[in-house]
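Given next are the chains, with one letter for each unit.
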Amino acid sequence: MNLAVIGTGYVGLVTGTCFAETGNNVICVDIDVNKVERLRKGEITIFEPGLETLFERNSRQGRLKFTTDIKEAVDSAQIIFLALPTPPGGDGSADLSYIMGVAKQLSHLITEYKVIIDKSTVPVGTAEKVHAIIAENVSDTLFDVVSNPEFLREGVAVEDFLKPDRVVIGTDSERARKLMKQLYEPFVRQGNPIYFMDERSAEMTKYAANSYLATRISFMNEIANLCEKVGANVDMVRMGMGSDSRIGKRFLFPGIGYGGSCFPKDVQALARTAADTGYDFRILNAVMGINDKQRYILADKIKAYFGDDLSGRTIGIWGLAFKPNTDDIREAPALYIIETLLAAGATIKAFDPEAMDNIKKYFGDRIQLCQDQYEALINADALAIITEWSVFRTPSFQVMKELMKHDVIFDGRNLYDLEAIADHGFLYHSIGRETVGNKPA
Ligand code: NAD
């Protein structure tokens, strides 16, 4: 099949590459000339495990192409994915200007039957709006608009795309339904379902899924905070809870708040959708409040220990991406924590295995970027662990102690066993567990 993907960011590039991998011809469009130039030269623009091999193979074999010319892409494709940004607008609702702008362009380009697929996360009713804009200039026998929300997780995006737990497709058109089934069948050969539904339910499914996951994280963060107050260990509580088959083990890890380009904006947008209908979605309002607070909890702990004035203090930071295995720093807790520490006068030395280029663009020379995790500890008064990259799980505690001025760790991800870390001689603060070790002299 001939496909176009409009918007070649995290979702668009993974979508385009994975559809090329199953034999389709894909042309990806972006307005970012520099990005398209790099992709054309064979240079991958995001870090995502497994993507580069597929990108390289499909580009080389001519099934995956890149352009800034939307007309060229639309002319060559029957199936057109929209993988455009839907950032939060001023009132928290999703900003649909990218989607509507492209819908307008499409309304001048469609001359034969096309399926337009919303892969972006968009509020309920968007497929109808896109349909209405295109229908201003195109007969509605010449196109269908389908809602096909994307559930991939950054860090495991290729795996998620190639073997999705489910595919959700919202359409009332039989013609579009057949094409979508044909397109997605190679990805669900093991029997995972393709759910066909109406557009509104498909749009709602995506927000419901993300908001539920954000709620689950926030619930555990509240449990963790309470554990600290009552002297319980949240890791034990998590395991005890998670082995209940009604609850399940995944997504119960407490930490320093959810981040990334999706959860914060999607929870906000769903709450906004509810408010617009006059419905007060109280649980979501609570989740947003909890998360706003949790993002600062590590900085609060650091200030509680050293005092509010951190001038003269150096804090080493491990991990900047919003989660491991990605270079994405959008809404990363690291941004909030580092800003707070800088405002209190601290010097920051930071390391992340993949997010250094992005963080450099964000902080410039306000923080020191280090070559590796140990350089970030030279003369540090404390280490703050923000992202749970595997490489931080079994470091050389001996080397750490030699480099650090004070052997104090603030761990936002509970990477270490309490007994073991105390035996290594660190004072160790974590989330939802007692602080262990001796205060350094
Ligand atoms: P992104 O910002 O990484 O990519 C969007 C791309 O669209 C950018 O490269 C941008 O230059 C391009 N673009 C903007 N305007 C354009 C235009 N007029 N024509 C062509 N290209 C244009 O965003 P993303 O993370 O890929 O997210 C895209 C959508 O998918 C959002 O709605 C998001 O909520 C949703 N989503 C994201 C994820 C994720 O993990 N990132 C997962 C599921 C769903």
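Read on for a plain summary of the structure. (Residues numbered from 1 in each chain as written. Predicted model: local features only at pLDDT ≥ 70, side-chain atom pairs only at ≥ 80, totals over all residues. Heavy atoms only, no water.)

A few points about the overall build of the chain
Broken down by element type, the chain carries 17 helices and 14 strands. Against the globule reference of 22 Å for 441 residues, the chain gives a C-alpha radius of gyration of 24 Å, in line with a compact fold. Dimensions of the chain along its principal axes, counting C-alpha atoms only, are 75 × 50 × 40 Å. With 441 residues in all, the chain has 54% of them scored as buried. Pairs at least 24 residues apart make up 72% of the contacts formed inside the chain by residues separated by at least 6 positions. Accessible area for the chain stands at about 19500 Å²; split by element, carbon and sulfur atoms hold 50% of it. Measuring between centres, the 49 positive side-chain charges of the chain sit 2 Å from its 60 negative side-chain charges. (Helix = DSSP H or I, 4+ residues; strand = E, 2+ residues; numbered from the N terminus. Rg over C-alpha atoms; globule rule 2.2 N^0.38 Å. Buried < 20%, exposed > 50% of the residue type's maximum accessible area, 1.4 Å probe, protein only. Contact = heavy atoms within 4.5 Å. Areas by Shrake-Rupley, 256 points an atom, 1.4 Å probe, with all protein chains shown as cover. Lys, Arg positive; Asp, Glu negative; His and termini not counted. Charge placed at Lys NZ, Arg CZ, Asp CG, Glu CD.)

Overview of the site of the ligand
Not every one of the 25 residues close to the ligand is listed here, only the nearest: Asp30, Lys35, Thr86, Glu154 and Lys265. A distance of 2.7 Å separates a nitrogen atom of the ligand from a polar side-chain atom of Glu154. Burial of the ligand by the protein amounts to 89% of the accessible area it has alone, namely 830 Å². Counted by class, the shell around the ligand contains 11 nonpolar, seven polar and seven charged residues. Residue-level mapping places the shell around the ligand at the junction of two domains, with at least three residues from each of domain 1 (2–197) and domain 2 (206–293). (Near = heavy atom within 4 Å. Polar contact = N/O pair within 3.5 Å; in protein donor to acceptor, adjacent residues only side chain to side chain. Nonpolar A, V, L, I, M, F, W, Y, C, P; charged D, E, K, R; others polar. Domains from an automatic or database assignment.)

Quick notes on helix α12 (residues 282–294)
Its 13 residues give α12 an end-to-end C-alpha distance of 18 Å, which sits within 8% of 18 Å, the value for a rise of 1.5 Å per residue. Those residues of α12 lying buried are Leu284, Val287, Met288, Ile290, Asn291 and Gln294. In an axial view of α12, the angular spread of the buried residues amounts to 165 degrees, which keeps them on one side of the axis. Along α12, exposed side chains directed more than 90 degrees from the buried face belong to Arg282 and Lys293. Each element contacted by the buried residues of α12 is listed here: α9 (199–230), α11 (263–276) and α13 (297–306). (Expected span 1.5 Å × (residues − 1). Arc of directions from axis to C-beta.)

Topic: the pairing of strand β13 (residues 408–411)
Of the two faces of β13, the one lined by Val408 and Phe410 and the one lined by Ile409 and Asp411 are each fully buried. Direction of pairing for strand β12 (residues 382–385) relative to β13: parallel, over a ladder of three bridges. Bridge pairing in β13 places Ile385 opposite Asp411. Handedness of the crossover joining β12 and β13 through helix α16 (residues 397–403) is recorded here as right-handed. In this structure, β13 lies alongside strand β14 (residues 427–429), joined through three bridges in parallel fashion. Its bridge partner being in β14, Phe410 is matched across the sheet by His429. Once the chain exits β13 it traverses helix α17 (residues 418–423) before rejoining the sheet at β14, and the crossover so formed is right-handed. (Pairing = 2+ DSSP bridges. Right-handed = clockwise from strand over helix to strand, strands pointing away.)

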